[in-house]
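Structural overview for review
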Amino acid sequence: MSHDELLSIYNDISVIDHPFVQHKLTSLRDKNTSTREFRMLVEELGTLIGYEATRDLETTDIEVETPLEKTMSPVLKGKKLCVVTIMRAGNGLAEGVLKLSPSARVGHIGLYRDPETKQPVEYYLKMPHSIDERTIIVVDPMLATGNSAIMAIDKMKEMGANHIRFICLFSAPEGITAFKKAHPDVAMYIGTIDRELDDHAYIRPGVGDAGDRIYGTL
Ligand code: URA
């Protein structure tokens, strides 16, 4: 399915086409980009896409005293955000989102792919309290089949979360379709929609294995 068809069928998909975002995504694609630079770029993109993904957070006015006078001025409303990283590749992206909101809480979910069933299996889950009262931002740089993100969000919902959004850098049309079928209520903030998944579930043209490139484990 083409990029435009996907965006016309499903609601709440934002492709962040800002030139800085697109430029940095191109640097990530380059096979000659070093581990150090790759990690830095993922973090920067977490901040840039996180900025768009939090544009509609609610605020409330409080009184503040400037050196000249008292005034009413907005602050973020409600409980602290919760950034949920799908380990391990999500960790770098989460660091970038946390630059916007350093006091956000952080949840971790560890999933590995069963070599036989090809389905994700949970090996770690740790969430902050009151996730039902927080805005949750689930992050994973790559949305390939969508299975990991779908399962992570299933878990969040089972635990009571009901304000969830999702950030990724690279996505495949197959992953977006699966994700939106499973979680039509979850807004997606995406760097780019690539051409397709290959037979090994790699995104093409993509960046290769994002976790390996972030951590230099190639
Ligand atoms: N995960 C990756 O790291 N890369 C892909 O292309 C797909 C899934």
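These numbers come from a predicted model, not from an experiment.

Looking at the pairing of strand E3 (residues 70-76)
In terms of burial, E3 is a largely surface element, zero of the seven residues being buried. Where strand E2 (residues 59-65) and E3 come together, seven bridges link them in antiparallel fashion. Looking at E3, one finds that Val64 is bridged to Thr71. Where E2 hands over to E3, the hairpin turn is made up of four residues, counted between the paired strands.

Section: the UniProt feature "binding site: 5-phospho-alpha-D-ribose 1-diphosphate" (unreviewed entry) in the protein
UniProt feature "binding site: 5-phospho-alpha-D-ribose 1-diphosphate" (unreviewed entry): in the numbering of this structure it lies at Arg88, Arg113, Asp140, Pro141, Met142, Leu143, Ala144, Thr145, Gly146, Asn147, Ser148 and Asp209. Mapped onto the elements of the fold, Asp140 is located in the loop between strand E7 (136-139) and strand E8 (142-143). With respect to the helices and strands, Asp209 occurs in the loop between strand E12 (203-204) and helix H7 (210-215).

What to know about the environment of Gly50
Within the secondary structure layout, Gly50 lies in helix H3 (residues 35-53). As for Gly50 and Phe166, which are separated by 116 residues in sequence, their C-alpha atoms are 9.6 Å apart. With sequence-adjacent residues up to four places away left out, Gly50 is seen in contact with Gly96, Val97, Leu100, Ile137 and Ile167.

Observations concerning the nonpolar core
The tendency in soluble globular proteins is for nonpolar side chains to be buried as a group. Val84, Ile137, Val138 and Val139 are the most contacted members of the largest nonpolar core, which has 55 residues in total. Leave out the neighbours within four places in its chain, and Ile137 touches Gly50, Ala53, Leu81, Val83, Val84, Val97, Arg165 and Ile167.

Description of the UniProt feature "binding site: uracil" (unreviewed entry) in the protein
Residues annotated in UniProt with the feature "binding site: uracil" (unreviewed entry) correspond here to Ile203, Gly208, Asp209 and Ala210. Checked against the element boundaries, Ile203 lands in strand E12. Beyond its immediate sequence surroundings of up to four residues, Ile203 is in contact with Met142, Ala144, Phe170, Ala172, Asp194 and Leu197. Look at Asp209 and you get partly exposed, because 14 C-beta atoms sit within 10 Å.

Here's the deal with the confidence of the model for the protein
The predicted model of the protein has a mean per-residue pLDDT of 96, with 100% of residues at 70 or higher. ipTM for the predicted complex: 0.95, alongside a pTM of 0.96.

Quick look at the packing of helix H2 (residues 19-29) against H3
Running from N to C, H2 and H3 point in directions that differ by 155°, and their axes come no closer than 10 Å. Between H2 and H3, the interaxial angle falls into the category roughly antiparallel. At the point where H2 passes H3, the crossing takes the left-handed sense. Contacts between H2 and H3 involve Phe20, Val21, Lys24, Ser27 and Leu28 from the former and Phe38, Leu41, Glu44, Leu45, Leu48 and Ile49 from the latter. Grouping the constituent residues of the contact of H2 with H3 by class yields eight nonpolar, one polar and two charged.

What counts and how
Residues numbered from 1 in each chain as written. Predicted model: local features only at pLDDT ≥ 70, side-chain atom pairs only at ≥ 80, totals over all residues. Buried ≥ 20, exposed ≤ 12 C-beta atoms within 10 Å, placed from the backbone. Helix = DSSP H or I, 4+ residues; strand = E, 2+ residues; numbered from the N terminus. Pairing = 2+ DSSP bridges. UniProt positions renumbered as here; feature names shortened; annotations may be inferred. Contact = placed C-beta atoms within 7 Å. Core = buried A, V, L, I, M, F, W, Y, C linked by C-beta atoms within 7 Å. pLDDT = per-residue confidence, 0-100. Axes fitted to C-alpha atoms, helices over the stretch in contact; angles between N-to-C directions. Parallel < 35°, antiparallel > 145°, perpendicular 65-115°, else oblique. Left-handed = near helix turned anticlockwise from the far one by under 90°. Nonpolar A, V, L, I, M, F, W, Y, C, P; charged D, E, K, R; others polar.

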